[in-house]
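Overview (structure and organization)
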Amino acid sequence: MPVYLDHAATTPMLPAAIAAYAAAAAAVGNPSSIHGYGQNAKRMLEEAREQIAETLGCDPIEIVFTSGGTEAVNSAIKGLYWARNPSVSGAFAPARPRILIPGGEHHATIDAAQWLQQYQGAQITWLPLDRQGRVRLEAVATELDTDPESIALISMLWANNEVGTIQPVEEIAALAASCGVPLHVDAVATYGQLPIDFGQIRLDTGGGAAGLVAISVSAHKIGGPVGIGALVLSRRTAIAPLIHGGGQQRQVRSGTQDVAAAVSFAVAASAAAARLSDEAIRLRGLRDRVIDGVLKAVPGATLNGVRDGRLPGNAHFSFPGCEGDSLLFLLDVAGVAVSTGSACQAGIPEPSHVLHAMGRTDLQARGALRITLGHTSTPADVDAFLAALPEAFVRASRAGFADRVVTLP
């Protein structure tokens, strides 16, 4: 039976979320219309918003629905940058050009920031990671202390989407708040695996226009549908919109809202929140079984990131003397689906930029493999992966690296 261990890319939709989507899709009405059909659609939409807000510790009005995590991240980074750098007499001359970003971020963050750098005068300061993938707090503090008035925002992952290392979000939020700098956190990989309480962290740091002001999440990582996510945006924070036309959702994101997707998202979010504690314990057990099994099967393999202090469902390794893509292909042939890293690079194989940021060599970055567990994962799935790994590793090692290819037997 095929084994799916790539839940970080997307996790199967929950049956309840599929049923909720189908039922809501059968209802007619634009939630912006004032007749009965429209008002029924609006009721369904706002009830979904309330359910999702409860799982994130925020107010319903702070939920801005997007087309997914990538749009949420782009809206936060570009919107905060533009809001913090308004044009003067029609000319765009950024007074706060700097964006602080840790190394090894998701490409939604990297590409958005680099676009601002290329076209909008942004200056990116890359914050260093330690060998385990954590952002160095002293580097953040130094940058904030040096010239906080020049900083438009900080954007960072709550937990790294490749190696699973959990970042010191609360500490960085406190540093940012003390210097009057807004912080956006990409929690797409974290949502459904760790508790998220937007209001509590915001309260601890003083709220307002500094500290944690925005969080990005996505539905398809927690058993909801692809094509919808959310930007959690503090009600006291103004950002410039990425999409214009209609002024829905606090003028932040215009466009007719997808009621069926929102309803399905809410069902998945509530289910994830209800099982969060027990599921985290279950996934940690399976994850540790993966880690122990891999290190026993391939003694030269290296676990990337800390053993503890990582996402419950994430295990990430570097395998010596082979390409991660070769391992992935051979495991896939054996009926086991894993990944070499983020699925958001359009299928383009490349050495892991996350591992490079962690100080790994190019060869170590090329031999990476990510195993991620989710709500459908079982001990039998782990056993199947561990049974298929030794032969796959031997054959991938024979093939070597892409610039020294030999034919597999």
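From a predicted model like this one, the values you see are computed outputs, not experimental measurements.

**Here we look at the pairing of strand S7 (residues 211–218)**
Buried residues dominate S7, accounting for 8 of its 8 residues. Note: strand S6 (residues 182–186) against S7, 5 bridges, orientation parallel. In the sheet register, His-184 faces S7, and the bridge partner there is Ala-214. Where S7 meets strand S8 (residues 229–233), 5 bridges bridge the pair, whose relative direction is antiparallel. Within S8, the position partnered with Val-217 by the bridge is Ala-230.

**Some details on the packing of aromatic side chains**
Applying the stated rule across the entire model yields 6 aromatic pairs. Considering the side-chain rings of Trp-115 and Tyr-119, the 5.4 Å spacing of their centres and the 45° angle between planes classify their relative orientation as tilted. Placement of both Trp-115 and Tyr-119 in helix H4 (residues 107–119) is noted, with a separation of 4 residues, approximately one turn of the helix. Accessibility expressed as a relative area gives 33% for Trp-115, which makes it partly exposed. Among the aromatic residues, those joined into a ring-pair cluster are Phe-65, Tyr-191 and Phe-265.

**A look at the packing of helix H2 (residues 36–56) against helix H8 (residues 259–297)**
Relative to each other, H2 and H8 sit at 30°, their axes nearing to 8 Å. Put simply, H2 runs roughly parallel to H8. Taken as a pair, H2 and H8 cross one another with a handedness that is left-handed. Only Val-259, Ala-262, Val-263, Phe-265, Ala-266, Ala-269, Ser-270 and Ala-273 of H8 make contact with H2, whose side of the interface consists of Ala-41, Met-44, Leu-45, Ala-48, Gln-51, Ile-52 and Thr-55. Counted by class, the contact of H2 with H8 contains 12 nonpolar, 3 polar and no charged residues.

**With respect to the environment of Gly-104**
As for its position among the elements, Gly-104 is in the loop between strand S3 (98–102) and H4. For the pair Gly-104 and Ala-315, spaced 211 residues apart in sequence, the C-alpha to C-alpha distance is 17 Å. Ignoring any residue separated from it by four or fewer positions in sequence, one finds Gly-104 in contact with Leu-129, Leu-157, Asn-160, His-353, Val-354 and Ala-357.

**Points about the nonpolar core**
Core analysis: the biggest nonpolar cluster contains 64 residues, and Ile-215 and Phe-265 have the highest contact counts within it. With 10 residues, the single largest contributor to this core is H8. Aside from chain neighbours lying at most four places away, what touches Ile-215 is Trp-158, His-184, Val-185, Ala-187, Ile-196, Phe-198, Ala-230, Leu-231 and Val-232. Counting residues in hydrophobic clusters, the runner-up holds 30 residues, among them Leu-303, Phe-317, Ile-371 and Phe-385.

**What about the side chain of Ser-264?**
Note that Ser-264 resides in helix H8. With relative accessibility at 0%, the residue Ser-264 sits in the buried group. Filtering out sequence-adjacent residues up to four positions away, Ser-264 remains in contact with Met-13, Ala-17, Ile-18, Ala-20, Tyr-21 and Pro-225.

**Regarding the environment of Gly-245**
Within the secondary structure layout, Gly-245 lies in the loop between S8 and H8. Residues Gly-245 and Leu-5, 240 residues apart in the sequence, show an inter-C-alpha distance of 40 Å. In contact with Gly-245, other than residues within four places in its own chain, are Ser-254 and Gly-255.

**Quick word on a nonpolar patch on the surface**
A contiguous nonpolar surface patch, about 240 Å² in accessible area, is contributed by Met-13, Ile-18 and Tyr-21. Here Ile-18 shows up in helix H1 (residues 15–25). Since its relative accessible area comes to 45%, Ile-18 is described here as partly exposed.

**With respect to the confidence of the model for the chain**
This prediction gives the chain a mean pLDDT of 93; 94% of its residues lie at or above 70. Considering only residues more than four positions removed or in separate chains, one finds that residues 404–409, a stretch of pLDDT under 50, has 9 contacts.

**Considering the pairing of S8**
Within S8, 5 of the 5 residues are buried, which leaves the element mostly enclosed by the surrounding structure. Burial along S8 is two-sided: the face carrying Gly-229, Leu-231 and Leu-233 and the face carrying Ala-230 and Val-232 are both buried. Examined bridge by bridge, strand S2 (residues 63–66) and S8 share 4 bridges and lie antiparallel to one another. For Thr-66, the partnering residue across the bridge sits in S8 and is Gly-229.

**Details of the packing of helix H9 (residues 324–333) against helix H12 (residues 379–399)**
The description of two helices packed together rests on the angle between their axes and the distance between the axes. Where H9 meets H12, the closest approach of the two axes is 9 Å, and the angle between their N-to-C directions is 130°. Classed by the angle they form, the pair H9 and H12 counts as oblique. Remark: the crossing between H9 and H12 carries right-handed chirality. Where H9 abuts H12, its residues Ser-326, Leu-327, Leu-330 and Leu-331 lie against Phe-385, Ala-388, Leu-389, Ala-392, Phe-393, Arg-395 and Ala-396. Along the lines of polarity and charge, the residues of the contact of H9 with H12 split into 9 nonpolar, 1 polar and 1 charged.

Criteria and thresholds
Residues numbered from 1 in each chain as written. Predicted model: local features only at pLDDT ≥ 70, side-chain atom pairs only at ≥ 80, totals over all residues. Heavy atoms only, no water. Buried < 20%, exposed > 50% of the residue type's maximum accessible area, 1.4 Å probe, protein only. Helix = DSSP H or I, 4+ residues; strand = E, 2+ residues; numbered from the N terminus. Pairing = 2+ DSSP bridges. Phe/Tyr/Trp six-rings, centres within 6.5 Å; stacked < 30°, edge-to-face > 60°. Axes fitted to C-alpha atoms, helices over the stretch in contact; angles between N-to-C directions. Parallel < 35°, antiparallel > 145°, perpendicular 65-115°, else oblique. Left-handed = near helix turned anticlockwise from the far one by under 90°. Contact = heavy atoms within 4.5 Å. Nonpolar A, V, L, I, M, F, W, Y, C, P; charged D, E, K, R; others polar. Core = buried A, V, L, I, M, F, W, Y, C linked by side-chain atoms within 4.5 Å. Patch = residues over 30% accessible without salt bridge, like charges linked within 9 Å, V, L, I, M, F, W, Y side chains within 5 Å. Areas by Shrake-Rupley, 256 points an atom, 1.4 Å probe, with all protein chains shown as cover. Salt bridge = Lys/Arg side-chain N within 4 Å of Asp/Glu carboxyl O. pLDDT = per-residue confidence, 0-100.

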